[in-house]
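Chain by chain, the residues run as shown.
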Amino acid sequence: MSKFRQPYLFAIIYKKILFFQNMKTIKKDIRTLSKESLRVFFVKNSDKAFRGNQVYEWLWIKSAQTFNEMTNLPLTTREMLKDNFVINHILVDKMQKSIDGTIKNAIKLYDGLIVESVLIPTKKRTTACVSSQVGCSLDCNFCATGKLKRMRNLNAGEIYDQVVEINRQSKLYYNRKLSNIVFMGMGEPLLNYKNVINAIHKITNDEGLGMSAKRITLSTVGIPKMIKKMADDGVKFNLAVSLHAAINEIRSRLMPINDTNNLEDLLDSLQYWYEKTKRKITFEYVVFKEFNDTQKDINALVKYCKQIPSKVNLITYNNIGDEEYQAADRKIIEQYVKTLETNNIIVKVRRSRGDDIAAACGQLANKMIR
Ligand code: SAH
């Protein structure tokens, strides 16, 4: 070996040693451990397995943010946990209230990244709109989140915590518990499937929030392969699909995902979903001026809906400061409603909420409007 290369190699080896030493000192987030793994951890550390159950309860039912809160554990045990783990929890960085009562939260994650979660109160219910990813990779042209780069998936704890926080706000400001959860915040939940399912499991489990899966709706751009997987996995929550057009060429212009996952493949997966779950699909549909506002578009939607038990939510376009898109005239929306109803398809026109603080569908882009 040449004289020149030797110091260079030593430097690399030294760097590697430092790297592995660092790895050792980076503590694991205890909330990534299952109850069983916690039990095993305690047994391995010469303690009783039931300590695992106690810690699990503190972490999920009681949402403890520090080990010191775990007062039924001996001090030495709490210290031992501190030496081995951290609890990565979310923090509300900023909160804003709309004139209609909607509350938007900028949530800071352990690594400093921000996502948004929204509390939407109505007369009958309070709904949490939660995020599943930081940013989004899907580039739906009319969506503000779609313009943000996808940074990373949220872990199950970060998704769960949003629900806990919104539930706390619901009780504090509206004197009632959260009644519904929609995965309609930032990101595409089916591109973070494992963590979303894990979070929903904890949200619905008695050793978590104990909410009914029937009150949870997952909204997706429509990824056929994953819709079939959900059906096979026997999930119990509701499915909403962002359709926005029932003509391939138009849907592709609005949502590039349609180039590789077209309407026919989507329909095939939805029929599979219905066969397995017997639960109707909700189509979300924004009517845009000059994109999908003709009778031809309406007829295509009717034809599509007739092939699958479904209902339609017509959503008003929420401005994202882009010249290209505008909401369709009210008359067109009325025409959609009339034609769908004549064909016995259930349709609702969804009022936009939290528009004044950029908290409405598609407006979540980490901007706190003053
Ligand atoms: N990725 C998922 C969930 C996030 S968006 C999905 O696409 O379904 C939640 C809903 O808001 C979707 O139906 C989306 O198409 C819609 N949306 C996005 N931008 C919008 C806007 N500017 N106005 C109205 N709805 C919008």
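As the structure is a prediction and not an experimental result, all values here were calculated from the model. (Residues numbered from 1 in each chain as written. Predicted model: local features only at pLDDT ≥ 70, side-chain atom pairs only at ≥ 80, totals over all residues. Heavy atoms only, no water.)

S.K.: Please set out the domain arrangement of the protein residue by residue, giving values where relevant.
M.R.: Partitioning the protein into structural domains gives domain 1 (6-86) and domain 2 (91-369). The C-alpha centroid of domain 2 is placed 36 Å from the C-alpha centroid of domain 1. Buried area between domain 1 and domain 2, both sides added, is near 750 Å², and the carbon and sulfur share of it is 50%. It is R31, W60 and I61 that lose the most area in domain 1 upon contact with domain 2, and together they represent 60% of the buried surface on that side. Linking domain 1 with domain 2 are two salt bridges, by the criterion used here. Across the pair R31 and D161 runs a salt bridge whose closest N-O atoms are separated by 2.7 Å. (Domains from an automatic or database assignment. Buried area = accessible area lost by both parts, 1.4 Å probe. Salt bridge = Lys/Arg side-chain N within 4 Å of Asp/Glu carboxyl O.)

S.K.: Tell me about a positive patch on the surface, and please be specific about residues and values.
M.R.: Among the surface-exposed residues, K124, R125, R215, K280, K311, K348 and R350 lie close enough to one another that they form a single positively charged patch. By secondary structure assignment, the location of K280 is in the loop between α9 (263-277) and β12 (281-286). (Patch = residues over 30% accessible without salt bridge, like charges linked within 9 Å, V, L, I, M, F, W, Y side chains within 5 Å. Areas by Shrake-Rupley, 256 points an atom, 1.4 Å probe, with all protein chains shown as cover. Lys, Arg positive; Asp, Glu negative; His and termini not counted. Charge placed at Lys NZ, Arg CZ, Asp CG, Glu CD. Helix = DSSP H or I, 4+ residues; strand = E, 2+ residues; numbered from the N terminus.)

S.K.: Which residues make up the side chain of T77, and what values go with them?
M.R.: Note on placement: T77 falls in helix α4 (residues 75-84). When its relative accessible area of 5% is taken as the criterion, T77 is described as buried. Setting aside its immediate chain neighbours within four residues, T77 contacts F42, D47 and R51. (Buried < 20%, exposed > 50% of the residue type's maximum accessible area, 1.4 Å probe, protein only. Contact = heavy atoms within 4.5 Å.)

S.K.: Can you tell me about the site of the ligand, naming the residues and giving the values?
M.R.: Taken together, 20 residues sit near the ligand, with F142, S219, S242, H244 and N318 positioned nearest. Within the backbone of G187, an N or O atom sits 3.0 Å from a nitrogen atom of the ligand. The separation between an oxygen atom of the ligand and a polar main-chain atom of T220 is 3.4 Å. Across the complex, the protein chains shield 96% of the 540 Å² of accessible surface that the ligand would expose by itself. Of all the secondary-structure elements, those providing two or more residues to the shell around the ligand are β10 (216-220) and β12. Here the shell around the ligand is built from residues that sort into nine nonpolar, nine polar and two charged. (Near = heavy atom within 4 Å. Polar contact = N/O pair within 3.5 Å; in protein donor to acceptor, adjacent residues only side chain to side chain. Nonpolar A, V, L, I, M, F, W, Y, C, P; charged D, E, K, R; others polar.)

S.K.: Requested: an account of the packing of aromatic side chains, with residues and values cited.
M.R.: Counting across every chain of the model gives 13 aromatic pairs. The interplanar angle of 55° and the centroid separation of 5.1 Å between the aromatic rings of F142 and F288 together place this pair among those described as tilted. Of this pair, F142 sits in the loop between β7 (133-134) and β8 (152-153) while F288 sits in the loop between β12 and α10 (295-305), and the two are 146 residues apart along the sequence. Considered together, F142 and F288 belong to a single accessibility category, that of buried residues. Judged by centre distance (6.4 Å) and plane angle (80°), the ring pair of F142 and Y325 falls under edge-to-face. Taken together, the residues span a long stretch of sequence, with F142 in the loop between β7 and β8 and Y325 in the loop between β13 (310-315) and α11 (330-342) at a distance of 183 residues. The class for F142 is buried, based on a relative accessible area of 10%. Put simply, the rings of F142, F288, F291, Y317 and Y325 touch in pairs and so form one group of aromatic residues. Over the face of the ring belonging to W58 we find K62, whose NZ or CZ atom lies 3.9 Å from the ring centre. A cation sits over an aromatic face here: K202 above W60, 4.7 Å from the ring centre. (Phe/Tyr/Trp six-rings, centres within 6.5 Å; stacked < 30°, edge-to-face > 60°. Lys NZ or Arg CZ within 6 Å of the ring centre and 35° of its normal.)

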